[in-house]
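Each chain, written out:
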Amino acid sequence: MDQYEILERQIDYERFLLHTFRERLAACPPGYLRYKTDRKGRGEYYHKLPDDPSPLIRELKYKRLLQEAIRRLELNLRGREKYRKACLPTDFDSINASLPPAYRSADVPTEDKDLWQKNGQFFTQSENPYHRERLIYPTTFGLMTRSRGEAYIAEILHANQFSFHYEKKLFLLDDDGTQKIRYPDFTLPMIPEYNFFIENKGMYQNDEYRQRDEETMRLYHLNGIYPPKNLLIFMDGPNGEFHADSILQTIQGILIPLRTLLTSQNPPARR
């Protein structure tokens, strides 16, 4: 996954937000607020509609927030789409298709697969038996995930040449010594005997999901898995939206320097 594909996903996400915010704006009440201060500097919001304006004031504040969010999204999208027109894809298939006919190859290898093999990268599919019919979000390299956010995280890990397991079985001990099994979203074998974990949380408005997640976090902590030591946590929004820029910046700002540090402290053994 190159920067062109990341840009495409960001544009899709911002279009989704723009559509959602426009629908919410259409449901807001008409009108606007004026803020006036008296001689002592005390201020009030003025609106001519109801006798008790408090709920209306909250709604009009939210309306103004949506208007500004829409304005910024429209600006961002115009800029990103302009950049996209000037941005050329760098995957081998796209490059090969743009070459003069004499230089095109019918069996050109894909860049991702070459990098995967040369750098010893790998990924593994989910081992989690829970509702496997929900593994419906594919990545560009063949991994099936449960959400758009998880698919995006996988793409960023893959683009930055991390090996990882998706929903790999993990054995944990409870405080009474009984064995429990969990399936972290991502398990990254950074160096021998050291794994880093990533969890992407969603559906937090669902009580059952939230209770199950709280129990998992308790088990993680009991077994020495917690942020920032060896756990990174992302969270989807209430409508399933994810924050692409934050995910990208966090992985590039935390995991890549950590990998560099661990590799320098634990160089591979010479044969």
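Residues numbered from 1 in each chain as written. Predicted model: local features only at pLDDT ≥ 70, side-chain atom pairs only at ≥ 80, totals over all residues. Heavy atoms only, no water.

### Here we look at the pairing of strand β10 (residues 194-201)
Of all eight residues that make up β10, six are buried, and the element is covered over most of its length. Where strand β9 (residues 186-191) hands over to β10, the hairpin turn is made up of two residues, of which Glu193 adopts a positive phi near 70°. Bridge count between β10 and strand β11 (residues 231-235): five bridges; the pairing is parallel. Within β11, the position partnered with Lys201 by the bridge is Met235. Read as a crossover between parallel neighbours, the route from β10 over helix α6 (residues 207-222) to β11 is right-handed. (Buried < 20%, exposed > 50% of the residue type's maximum accessible area, 1.4 Å probe, protein only. Helix = DSSP H or I, 4+ residues; strand = E, 2+ residues; numbered from the N terminus. Pairing = 2+ DSSP bridges. Right-handed = clockwise from strand over helix to strand, strands pointing away.)

### Some thoughts on the packing of aromatic side chains
What the rule picks out here adds up to three aromatic pairs. Here Tyr166 and Phe186 contribute two aromatic rings whose centre-to-centre distance is 5.5 Å and whose plane-to-plane angle is 55°, an arrangement assigned as tilted. With a gap of 20 residues between them, Tyr166 in strand β6 (residues 164-166) and Phe186 in strand β9 connect regions that are remote in the sequence. In terms of burial, Tyr166 and Phe186 fall into one category: buried. Against the face of Phe16 rests Arg148, its NZ or CZ located 5.5 Å from the ring centre. Arg259 extends its terminal NZ or CZ atom over the ring of Phe162, reaching a point 4.0 Å from the ring centre. (Phe/Tyr/Trp six-rings, centres within 6.5 Å; stacked < 30°, edge-to-face > 60°. Lys NZ or Arg CZ within 6 Å of the ring centre and 35° of its normal.)

### Overview of the packing of helix α5 (residues 148-159) against helix α7 (residues 244-265)
Contact geometry of α5 with α7 gives a least axis separation of 10 Å together with a crossing angle of 40°. Seen from above, α5 lies across α7 with right-handed handedness. When α5 is examined against α7, the residues Tyr152, Ile153, Ile156 and Leu157 are found in contact with a partner set consisting of Ala244, Ile247, Leu248, Ile251 and Leu255. Considered class by class, the residues forming the contact of α5 with α7 number nine nonpolar, no polar and no charged. (Axes fitted to C-alpha atoms, helices over the stretch in contact; angles between N-to-C directions. Left-handed = near helix turned anticlockwise from the far one by under 90°. Contact = heavy atoms within 4.5 Å. Nonpolar A, V, L, I, M, F, W, Y, C, P; charged D, E, K, R; others polar.)

### Digging into a nonpolar patch on the surface
A cluster of nonpolar side chains, namely Ile95, Leu99 and Tyr103, defines an oily patch on the protein surface of about 300 Å² accessible area. You can call Tyr103 exposed: its relative accessible area is 63%. (Patch = residues over 30% accessible without salt bridge, like charges linked within 9 Å, V, L, I, M, F, W, Y side chains within 5 Å. Areas by Shrake-Rupley, 256 points an atom, 1.4 Å probe, with all protein chains shown as cover. Salt bridge = Lys/Arg side-chain N within 4 Å of Asp/Glu carboxyl O.)

### Details of the layout of surface pockets
Computed from the structure, the largest pocket encloses a volume of approximately 890 Å³. Taken together, 31 residues line the largest pocket, and the ones lying closest to its centre are Arg146, Glu150, Met203, Tyr209 and Arg212. Those elements that place two or more of their residues in the lining of the largest pocket are α5, β8 (179-182), β10 and α6. Counting residues per element, the lining of the largest pocket draws most heavily on α6, which supplies five residues. Residue classes in the lining of the largest pocket are distributed as 10 nonpolar, nine polar and 12 charged. (1 Å grid on protein atoms, 1.4 Å probe; cavity = no way out; pocket = protein on both sides within 12 Å on 5 of 7 lines; lining within 4 Å. Points joined across faces, edges and corners; volume = space filled by probe spheres on them.)

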